[in-house]
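Here is how the chains run, residue by residue.
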Amino acid sequence: MQINNENPLEISFEETENQKMVAQMIRDFGSREIKPKMMEWDDAQIFPVDLFKKMGELGLMGVLVPEAYGGSGFSYMEYVTAIAEISKIDGSIGLSMAAHNSLCTNHILQFASEEQKQKYLPKLATGEWIGAWGLTEPNTGSDAGNMRTVAEKNGDYYVINGAKNFITHGRSGNVAVVIVRTGPVGDSHSMTAFIIEKGTPGFSAGKKENKLGMRASETAELIFSDCRVHQSQVIGKVGDGFIQSLKVLDGGRISIAALSLGIAVGAYEAALKYSKERHQFNKPISSFQGIAFKLADMATKIEAARLLIFRAADMKNKGLDVNKESAMAKLYASEICVEVATEGVQIFGGYGYTKDFPAEKYYRDAKLCTIGEGTSEIQKLVISRSILK
Ligand SMILES: Cc1cc2nc3c(=O)[nH]c(=O)nc-3n(C[C@H](O)[C@H](O)[C@H](O)COP(=O)(O)OP(=O)(O)OC[C@H]3O[C@@H](n4cnc5c(N)ncnc54)[C@H](O)[C@@H]3O)c2cc1C
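**Student:** How do you make sense of the overall build of the protein when you look at a structure like this?
**Tutor:** The number of helices and strands found in the protein is 11 helices and 12 strands. Taken over C-alpha atoms, the radius of gyration comes to 21 Å for the protein, in line with the 21 Å a tight globule of 389 residues would show. Overall, the C-alpha framework of the protein stretches about 80 × 50 × 40 Å when taken along its three principal axes. Here the protein holds 389 residues, and 53% of them are scored as buried. Residue pairs at least 24 apart in sequence account for 74% of intrachain contacts in the protein once pairs closer than 6 positions are excluded. With an accessible surface of roughly 16700 Å², the protein has 53% of that area assigned to carbon and sulfur atoms. Here the protein contributes 44 positive and 46 negative side-chain charges, whose respective centroids are spaced 3 Å apart.

**Student:** Sorry, what's going on with the nonpolar core here?
**Tutor:** If you look at soluble globular proteins, the nonpolar side chains tend to sit buried side by side. The biggest cluster of nonpolar side chains holds 69 residues, and the ones touching the most others in it are Ile34, Met55 and Ile93. Of the residues forming this core, the biggest block, 14 residues, is contributed by helix 7 (residues 241-277). Apart from residues no more than four positions distant in its own chain, Ile93 is found in contact with Ile34, Trp41, Pro48, Leu51, Phe52, Met55, Ile86 and Ala216. With 27 residues, the next largest nonpolar core counts Val65, Leu103, Ala193 and Ile235 among its residues.

**Student:** Explain helix 5 (residues 91-111) here, please?
**Tutor:** Three- or four-residue spacings in an α-helix give side chains the same orientation, since the helix completes a turn every 3.6 residues. For helix 5, with 21 residues, the first-to-last C-alpha span of 28 Å sits near the 30 Å given by 1.5 Å per residue. When the local axis directions of helix 5 are compared, the greatest deviation, roughly 40°, occurs at Thr105. Counting buried positions along helix 5 gives 19 out of 21 residues, so the element sits mostly inside the fold.

**Student:** It is not clear to me how the packing of helix 9 (residues 323-348) against helix 10 (residues 359-366) should be interpreted in this structure. Could you clarify?
**Tutor:** A pair of packed helices is characterised by two quantities: the angle between their axes and the separation of those axes. Running from N to C, helix 9 and helix 10 point in directions that differ by 155°, and their axes come no closer than 8 Å. By the angle between their axes, helix 9 is roughly antiparallel relative to helix 10. Note that helix 9 runs across helix 10; the crossing there is left-handed. Residues Cys337, Val338, Ala341, Thr342, Gly344, Val345 and Phe348 of helix 9 form the contact with helix 10, whose participating residues are Ala359, Glu360, Tyr362, Tyr363 and Ala366. Tallied by class, the residues present in the contact of helix 9 with helix 10 amount to 9 nonpolar, 2 polar and 1 charged.

**Student:** Is there a simple way to think about unusual backbone geometry in this case?
**Tutor:** In most cases, non-glycine residues show a negative phi, while peptide bonds are predominantly trans. Look at Asp226: it is not a glycine, yet its phi comes out positive at around 50°. Note on placement: Asp226 falls in strand 9 (residues 219-230). Backbone geometry at Phe281 places phi at a positive 55°, although glycine is not the residue there. By the secondary structure assignment, Phe281 is in the loop between strand 11 (279-280) and strand 12 (283-284). Of the residues examined, Phe281 reaches a relative accessible area of 72% and is grouped as exposed.

**Student:** Please clarify how the site of the ligand should be interpreted in this entry.
**Tutor:** Residues in close proximity to the ligand total 19 residues, the closest being Thr136, Ser142, Phe166, Thr375 and Glu377. Here a nitrogen atom of the ligand sits 2.8 Å away from a polar atom, N or O, in the main chain of Trp133. Contact distances for the ligand include 2.9 Å between an oxygen atom and a backbone N or O atom of Leu135. Coverage of the ligand by the protein amounts to 65% of the 970 Å² it exposes when considered alone. Those elements that place two or more of their residues in the shell around the ligand are strand 3 (131-134), strand 5 (157-168) and helix 11 (376-388). Residue composition of the shell around the ligand, grouped by class: 8 nonpolar, 8 polar and 3 charged.

**Student:** Could you clarify how one ought to interpret the layout of surface pockets in this entry?
**Tutor:** The gaps of empty space that remain are located by a probe, the size of a water molecule, rolled over the atoms. Of the pockets and cavities examined, the largest pocket occupies roughly 1300 Å³. Considering the residues around the largest pocket, the lining is formed by 45 residues, among which Thr136, Ile371, Gly372, Glu373 and Gly374 are closest to the centre. Elements with a contribution of two residues or more to the lining of the largest pocket: helix 5, strand 3, strand 5, helix 7, helix 10 and helix 11. At 8 residues, helix 7 tops the list of elements feeding residues into the lining of the largest pocket. Taken together, the residues of the lining of the largest pocket sort by class into 21 nonpolar, 13 polar and 11 charged.

**Student:** What exactly am I supposed to notice about the side chain of Ser376 here?
**Tutor:** Among the structural elements, Ser376 can be located in helix 11. Owing to a relative accessible area of 4%, Ser376 belongs among the buried residues under this scheme.

**Student:** Help me understand the pattern of salt bridges in this model?
**Tutor:** When charged atoms on two side chains of opposite charge get close, those side chains can pair. Taken as a whole and judged by the stated rule, the model has 19 salt bridges. Linking Lys88 and Glu269 is a salt bridge whose minimum nitrogen-to-oxygen distance equals 3.3 Å. One end of the pair, Lys88, is in helix 4 (residues 76-89); the other, Glu269, is in helix 7, with 181 residues separating them in the sequence. Residue class for Lys88 comes out partly exposed when judged on its relative accessible area of 22%. Classification of Glu269 as partly exposed rests on a relative accessible area of 37%.

Reading the values: the criteria
- Residues numbered from 1 in each chain as written.
- Predicted model: local features only at pLDDT ≥ 70, side-chain atom pairs only at ≥ 80, totals over all residues.
- Heavy atoms only, no water.
- Helix = DSSP H or I, 4+ residues; strand = E, 2+ residues; numbered from the N terminus.
- Rg over C-alpha atoms; globule rule 2.2 N^0.38 Å.
- Buried < 20%, exposed > 50% of the residue type's maximum accessible area, 1.4 Å probe, protein only.
- Contact = heavy atoms within 4.5 Å.
- Areas by Shrake-Rupley, 256 points an atom, 1.4 Å probe, with all protein chains shown as cover.
- Lys, Arg positive; Asp, Glu negative; His and termini not counted.
- Charge placed at Lys NZ, Arg CZ, Asp CG, Glu CD.
- Core = buried A, V, L, I, M, F, W, Y, C linked by side-chain atoms within 4.5 Å.
- Expected span 1.5 Å × (residues − 1).
- Bend = angle between axes of the 7 residues up to and from the residue.
- Axes fitted to C-alpha atoms, helices over the stretch in contact; angles between N-to-C directions.
- Parallel < 35°, antiparallel > 145°, perpendicular 65-115°, else oblique.
- Left-handed = near helix turned anticlockwise from the far one by under 90°.
- Nonpolar A, V, L, I, M, F, W, Y, C, P; charged D, E, K, R; others polar.
- Near = heavy atom within 4 Å.
- Polar contact = N/O pair within 3.5 Å; in protein donor to acceptor, adjacent residues only side chain to side chain.
- 1 Å grid on protein atoms, 1.4 Å probe; cavity = no way out; pocket = protein on both sides within 12 Å on 5 of 7 lines; lining within 4 Å.
- Points joined across faces, edges and corners; volume = space filled by probe spheres on them.
- Salt bridge = Lys/Arg side-chain N within 4 Å of Asp/Glu carboxyl O.

Below is the structure:
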């Protein structure tokens, strides 16, 4: 999709060759590597590390990373396509791919020193290493700027104490970008981002969450107990960590919107197919207006979400500020994802409530989208602040 920013009404809807290529590659890969095992992973909450290594070989773990650092060097257009296509198959694989690419890897790509980029990006972009990103704490989620995990300077080192929770790849991540307090509470310039490798003394993983959905995406606590980290592991300037993380989230929200789009499309396509196959009263249920109108609403909401997402992606590619647009895309796409997945179950009737059909998994996975990387309420806060300033 091409958008003319001088006149946003001029939009060309053609997919680029790269988008088509990425979509086809993921469909083939997903049929072979994800579909046969996804319900087993979901059931047992298995985070399939080996799958992500294979995704690395296909360039899916460094979609936005320039080729010079071992990445695919694609734009947000291909990135949105990739996340949506994979999430159409399995939302939890989409969530993990988004967290690795948009949060950990992108924080390093955007703000780290050249030396840090050379050291970490090739490993992350090729999937050799899995990345985590820690902002949220048990008592500070939406209010992340009030975080309590502290890093105190001690010579050339920082000593970190505290905990982060709900961290994607908290256990399996080889490296984490973690934002912690280096100054007083109440000052948005008093937090700093560190790159911390697994195995650093005092750094460990805690409880793994047992979740409603997104069960193949690992979510766990990070614990810091007198964890000594050399000052060379600071990303950018001391005190800039929180401001950096807000910018990282502006991009990240596009990926959660893409994740929502993929789940919604998956739920819709499954319901559409089923509605033509299932007969009641000697007719396919799609012939009942009550079902046909549901499908019409689902399809329309999906198209509206798609437009918002590709508009934000296009602006991001052009280096424009996407604070409002990414929040709008994330808010709308995640809310309609829940609505579409809910109607999907309804169209499947009782069968939608069983694990024999995909509707229930889309329904469970969908709900995370209105929560992760800022709840819907927080997106409205971001949007309203932007339009009222
Ligand atoms: C599966 C999963 C993966 C995650 N991965 C990561 C990760 O990799 N890294 C990371 O750092 N975090 C991660 N998170 C954390 C996620 O970003 C937070 O859960 C989210 O930001 C909400 O924070 P909270 O859960 O503490 O909810 P709270 O902030 O306690 O919110 C509770 C409710 O209050 C509402 N609320 C709060 N403040 C306001 C306000 N000012 N106005 C109106 N309503 C408000 C919220 O919208 C919500 O409805 C993940 C979470 C999950 C569930």
